[in-house]
Amino acid sequence: MYSAILLFEIRNLITAGNQLNVAMVHHSGSIQSFKQQKGMHTSISEILKEKSLKPSRRSLPCLAQSQTHPINLNHFLSVPLSPEPKPEVDGLSQSISTSCSLLPPKTAEDGKDHYMEESEVTTCETRADESFLLQKPATRAKLEARTDSLQGKNPAASSGLFFRDGKKRIDYILVYKKSSPQVEKRCTFEKNLRAEGLMLEKEPSLTNNDIMFVKVNAPWDTLCKYAEQMNIRMPFRKKCYFTDWKSKTLSRFHLRCRQIKSWLPKNPMKLDKEALPDLEETDCYTAPFSRARMHHFTINNKETFFSNSTRSRIVHHVLQRTKYEDGKSKMGINRLLGNNTYEAAFPPHEGGYKSRHPIKTHGAQNHRHLLYERWARWGIWYKYQPLDLIRRYFGEKIGLYFAWLGWYTGMLIPAALVGVFVFLYGLFTMDSSQVSKEICEANTTIMCAMCEDTCEPWTLSDSCVYAKVTHLFDNGGTVFFAIFMAIWATVFLEFWKRRRAELTYDWDLIDWEEEEEELRPQFEAKYSRVERVNPISGKPEPFQPFSDKLSRLMVSVSGIFFMISLVLTAVFAVVVFRLIVMEKFASFNWKFVKKNWQFATSGTGVCINFMIIMSLNVVYEKVAYLLTNLEHPRTESEWENSFALKMFLFQFVNLNSSTFYIAFFLGRFAGRPGKYNKLFNRWRLEECHPSGCLIDLCLQMGVIMFFKQIWNNFMELGYPLLQNWWSRRKIKKGGGGGGGQNVENKAQLPQWDKDWNLQPMNAHGLVDEYLEMVLQFGFTTIFVAAFPLAPLLALLNNIIEIRLDAYKFVTQWRRPMPARATDIGIWHGILEGIGVLAVITNAFVIAITSDYIPRFVYTFKYGPCMNKAHHHEDECLRGYMNSSLSVFDMSELKNSSQPRYCRYRDYRAPPWSSVPYEFTLQFWHVLAARLAFIIVFEHLVFGIKSFIAYLIPDMPKDLCDRMRREKYLMQEMMYEAELEHLQKERKKNGRRYHHEWP
């Protein structure tokens, strides 16, 4: 039965190939006939299709045909038909082949480029093959005439996604200046690229006469060769007799639950599968590509078998390993970019991101348009991200960043809800709080003056508003929220590990190992005289001696400590500023300012501190860049990790140093009336309000977090928008920096010109993106006990951040090289460190900064309820404010005409005591309770965190079972496919093989 079907299928393939050749000879360019012919190329697995295993979301679609792409996407993702037939000389045949030949272009004309300056031609004559030289351009008028005729004859080529023949897809763009002196290196490099099997074609820029574009295409044979070398996993043909065993094991209860779930309204946050057909699950497993076993893979269309991102990654792999001069290290596009041989190298975008027609009726034009409509638009801010499409277009590394950002944003929802609940609890109990009542009713309680010369004593009731606002953040829910956020940080990281494991499985990254990275050119240039054998590759390479590495590391660490000391100096300057303005505001003539001097002092201090923080961040980035280059890291990943760690240390200390001062040092060393501690014997140290110092910490965090998020969002989107607007303005004026022609309509520009006018991705990659979110994570967890609204602000910011980053990647930046990664790198360790630090800081904030422990001690030891089993909080706190204030005899001061006694915040004996102004027993009880609370809180929370981390495995059990079963099925499929291939060979040749099983 199977043999008859196989013979019938082979006959169909031969007939389809003959029909296609006849159609090409007779100039039949009709789309309808082409679709019919393409439809003949179906695999045997489609004919023998049965009920299969539950689909898994793998790396690439099993059937790369029109139904797996959005509507109208075939214009960009399949082979276009040229009205004028041309002989196929690029080795790209429409019929399916079962083997790959590794031949260069068949004719010299196929590799010929059409534009080159005279000087470049004469220089390249001795270095490059004559058949690959470019013709001299005549005039700009001839170029325009040729461009117009090209647009009229071949719309595929004029779109900027293909070569001039309209068939060969552009996989990479190289940009250089004609005036660059590095002509010989470029010619040698391009000649070697052609020798590697790549095809090149040059085009001048329409906006700048000095710019030349080199379009790079990887033919089928080259793609197969390097896909095998790079172990790229591709869709593997699955045998038809494997049934969906999992669905048969489902109980009736589970089936009934599924049925009831189907009746419920759909989740509005989920993306419509009809709007994103590319996200449909497939039933194909993947295996490392092999030319010897090409018959195992599902190859329905050679042009779409390798996705655009995979093609770009293969071309980038070739560009990184192609020589441009004789020598061990004279290779790679990165070095050519560093010595200005090329200006830029990037994969092209897949067309425009906007369309005249709505996507619902006409479908998406390309993946970029689809990403813009279903991801980057503000109108869909509440939708889940299309992670599979992001990964397919930008690569796994960027896909993992957005997956982590989306996961972090989703986990902020319960934290924000609990924080709002704690804040509302403080809001509703603000007026009924016993402490606030006592402060607001203390009309006769005279507080000591805030300064000694121009200030006067003030009434405690004047700070009624300040006390009520303090209760919003310092109430009974503070301890609960601190414990909750410490546990939340652990749950977030543990469940992210599980989510990452699922993504690495879905994206075929389980067995992926990073390739051996090439050395940085700076490292090679510095240590080219000292070599050692690489233990992995076995080849000699430059080596950095340990003594040199240690000395450079010590210099770098010294630079880090110097910058940290600069931060502390800036914090000290802010402290001095607060002391000065405190006296000014306390003796201000305006009654409103004089009454609210605490708010005025804290507010102005925070604003000055924010400006210093943002100014120093610019300096820190340059210093971190300098110190990292001074270390001479061996590879790019080592450079990125070292730079990321320095940037985090600098900005973390810069952002949180003033916060640490307010939390743990403000008001601790102020002294007492008559014996105040003074800075430089001039300014009195700042004191806390009678209701506590937590409101100062809350104000500091709120202002810095709010304004920093606004500034970051502006710089992320506003700066690229302004740069791109300026580029478009220069193009419209006809300058472009090089005397290009005046282009009135941007749509007339080819895609390579449009991408060249976009901004490149940050030189530091995703470091800036991760750094912003990790610093926000620190703000959200470290001092969250003082500011329960921090998770809410972070959630709102991240909802905006996702769409801002999406819009930036899709519309404002050139397409980055689709890189692979299995995790978020060094940032995961930094997040775990922040989680540990958050437990410690929150314990100290509750114990030292807030008034929770003093109120707790007063309730059970000194209050009216100390001997009662059952008590109410407000009743037990009656008299707390009077107990927390000490008495000072102002007659001890010289020239004092004020009332005799005033109060100040401390636990000291009154002046009529036998030991005046000494610490009372209550002070020592509070201090002991604070230390005990820190120890108990830390051990309790760390124990809970460790227990939760133990309970939550890094990989779901269901995923482990699926991976083991898939490994078993893959072995079975490969055995069956090989057996089927041997049977075909036996029937074809009429003889048996000694290694054949049957």
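By the naming in an unreviewed UniProt entry, the protein chain goes by Anoctamin and is assigned to Seriola lalandi dorsalis. Database annotation for the protein chain, UniProt heading Sequence similarities (unreviewed entry): "Belongs to the anoctamin family."

Trainee: Could you give an account of the pattern of salt bridges, naming the residues involved and the relevant values?
Mentor: Going through the model one piece at a time under the given rule, you end up with 28 salt bridges. Salt-bridge contacts for R233 lead to D508; the nearest nitrogen and oxygen are separated by 3.6 Å. One end of the pair, R233, is in strand β4 (residues 233–236); the other, D508, is in the loop between α21 (477–506) and α22 (521–526), with 275 residues separating them in the sequence. Judged by relative accessible area, which is 4%, D508 ranks as buried. Each member of the salt-bridge network shares a partner with another, and the members are R164, E201, E203 and K215.

Trainee: Report on the state of the cysteines, specifying residues and quantitative values.
Mentor: The final tally for this structure, using the stated rule, is three disulfides. Here C440 connects covalently by a disulfide to C464, the sulfurs 1.8 Å from one another. For the disulfide bridge between C440 and C464, the dihedral angle about the S-S bond is near 80 degrees, and by the sign convention the bridge is right-handed. Here C464 lies in helix α20 (residues 464–473) and C440 lies in helix α19 (residues 434–440), a separation of 24 residues in the sequence. Shown here is the disulfide that connects C448 with C902, its sulfur atoms set 2.0 Å apart. Disulfide C448 to C902: torsion about the S-S bond roughly 80 degrees, handedness right-handed. Here C448 is found in the loop between β7 (446–447) and β8 (458–459), whereas its partner C902 is found in strand β16 (residues 901–905), with 454 residues between them in sequence. Just as C448 is buried, C902 falls in that class too.

Trainee: Break down the packing of helix α18 (residues 396–428) against helix α30 (residues 790–812) for me, citing the residues and quoting the values.
Mentor: Orientation of α18 relative to α30, taken along the N-to-C sense of each, is 155 degrees, at an axis distance of 7 Å. Judged by the inter-axis angle, α18 sits roughly antiparallel to α30. As for how α18 packs across α30, the hand of that crossing is left-handed. Across the interface between the two elements, I398, Y401, F402, L405, G406, Y408, T409, L412, I413, A415, A416 and V420 from α18 touch P791, L792, A794, L795, N798, I799, E801, I802, D805, A806 and F809 from α30.

Trainee: Which residues make up the nonpolar core, and what values do they have?
Mentor: Side chains that are nonpolar tend, in soluble globular proteins, to be buried together. Counting residues in each nonpolar core, the largest one holds 156 residues, and the members touching the most others are W404 and W827. Broken down by element, this core gets its largest block of residues, 15 residues, from α18. When sequence neighbours within four positions are dropped, the list of residues in contact with W827 reads A644, F648, V767, Y770, L771 and V774. The next biggest cluster of nonpolar side chains, apart from the first, holds 39 residues, and it includes L198, A218, I299 and L336.

Trainee: I'd like to hear about the environment of S558, residue by residue, with values.
Mentor: With respect to the element layout, S558 can be found in helix α23 (residues 546–586). The spacing of S558 and L627 is 69 residues in sequence and 9.8 Å in space, taken between C-alpha atoms.

Trainee: Hey, could you go over the sheet that holds strand β1 (residues 172–177) for me, with residue numbers and the actual values?
Mentor: Across the sheet, four strands lie side by side as β2-β3-β1-β6; this open sheet has antiparallel pairing. Each having just a single partner strand, β2 (199–204) and β6 (344–346) make up the two edges of the open sheet. Ignoring strand direction, the axes of neighbouring strands in this sheet form an average angle of 20 degrees. Sheet topology note: the β2/strand β3 (residues 211–217) ladder contains six bridges and is antiparallel.

Trainee: Just give me the short version of the side chain of H369, but keep the residues and values in it.
Mentor: Mapped onto the elements, H369 comes out in helix α16 (residues 367–376). Residue classification places H369 among the buried positions, given a relative accessible area of 1%. Residues within four places of H369 in sequence aside, it is in contact with G352, Y353, K354, S355, I359, G363 and A364.

Trainee: Tell me what's going on with the UniProt feature "transmembrane region" (unreviewed entry) in the protein chain, and back it up with residues and numbers.
Mentor: Under the local residue numbering, the UniProt record ascribes the feature "transmembrane region" (unreviewed entry) to residues 401–428, 478–496, 553–577, 597–620, 648–671, 774–796, 824–848 and 927–952. In residues 774–796, helix accounts for 65% and strand for 0%; the two terminal C-alpha atoms are 16 Å from one another. With 92% helix and 0% strand, the stretch residues 824–848 has end C-alpha atoms that lie 36 Å from each other.

Trainee: Tell me about the packing of α21 against helix α35 (residues 921–951), and please be specific about residues and values.
Mentor: At their nearest, the axes of α21 and α35 sit 10 Å apart, and the two run at 30 degrees to each other. It follows from the interaxial angle that α21 and α35 lie roughly parallel. Between α21 and α35 lies a crossing whose hand is right-handed. Contacts between α21 and α35 involve V479, A482, I483, A486, I487, T490, V491 and E494 on the former and, on the latter, F933, F937, V941, I944, K945, I948 and A949. Of the residues in the contact of α21 with α35, the class split is 12 nonpolar, one polar and two charged.

Conventions and cut-offs
Each chain carries its own residue numbering, running from 1 in the direction its sequence is written. Local features are withheld for residues below a pLDDT of 70 in this predicted model, meaning they are given only at 70 or higher, and side-chain atom pairs are given and counted only at 80 or more; totals for whole chains, interfaces and linings count all residues. To get the side-chain values, take all heavy atoms of the structure and skip hydrogens and water. UniProt positions are given in the numbering used here, feature names are shortened, and annotations may be inferred rather than shown by experiment. By definition here, a salt bridge exists when the distance from a side-chain nitrogen of Lys or Arg to a carboxyl oxygen of Asp or Glu is within 4 Å. In this text, helices come from DSSP runs of H or I with a minimum length of four residues, and strands from runs of E with a minimum of two, each type numbered from the N-terminal end. Relative accessible area decides the class of each residue, using a 1.4 Å probe on protein chains only: under 20% of the type maximum gives buried, over 50% gives exposed, and in between gives partly exposed. Counting rule for disulfides: a pair of cysteine sulfur atoms within 2.5 Å. Lines fitted to C-alpha atoms define the axes, with helix axes restricted to the stretch in contact, and inter-axis angles between N-to-C directions lie between 0 and 180 degrees. For classification purposes, angles smaller than 35 degrees are called roughly parallel, those larger than 145 roughly antiparallel, those between 65 and 115 roughly perpendicular, and all remaining angles oblique. Crossing handedness is defined as follows: a turn of the near helix away from the far one that is anticlockwise and smaller than a right angle gives a left-handed crossing, while the clockwise case is right-handed. Note on contacts: a residue pair is in contact if any heavy atoms of the two residues lie within 4.5 Å. We define a nonpolar core as any set of buried Ala, Val, Leu, Ile, Met, Phe, Trp, Tyr and Cys residues linked to one another through side-chain atoms lying within 4.5 Å. Two strands make a pair as long as DSSP finds a minimum of two bridges between them. By the convention adopted, Pro, Cys, Tyr, Trp, Phe, Met, Ile, Leu, Val and Ala count as nonpolar, Lys, Arg, Asp and Glu as charged, and the other residues, Gly among them, as polar.

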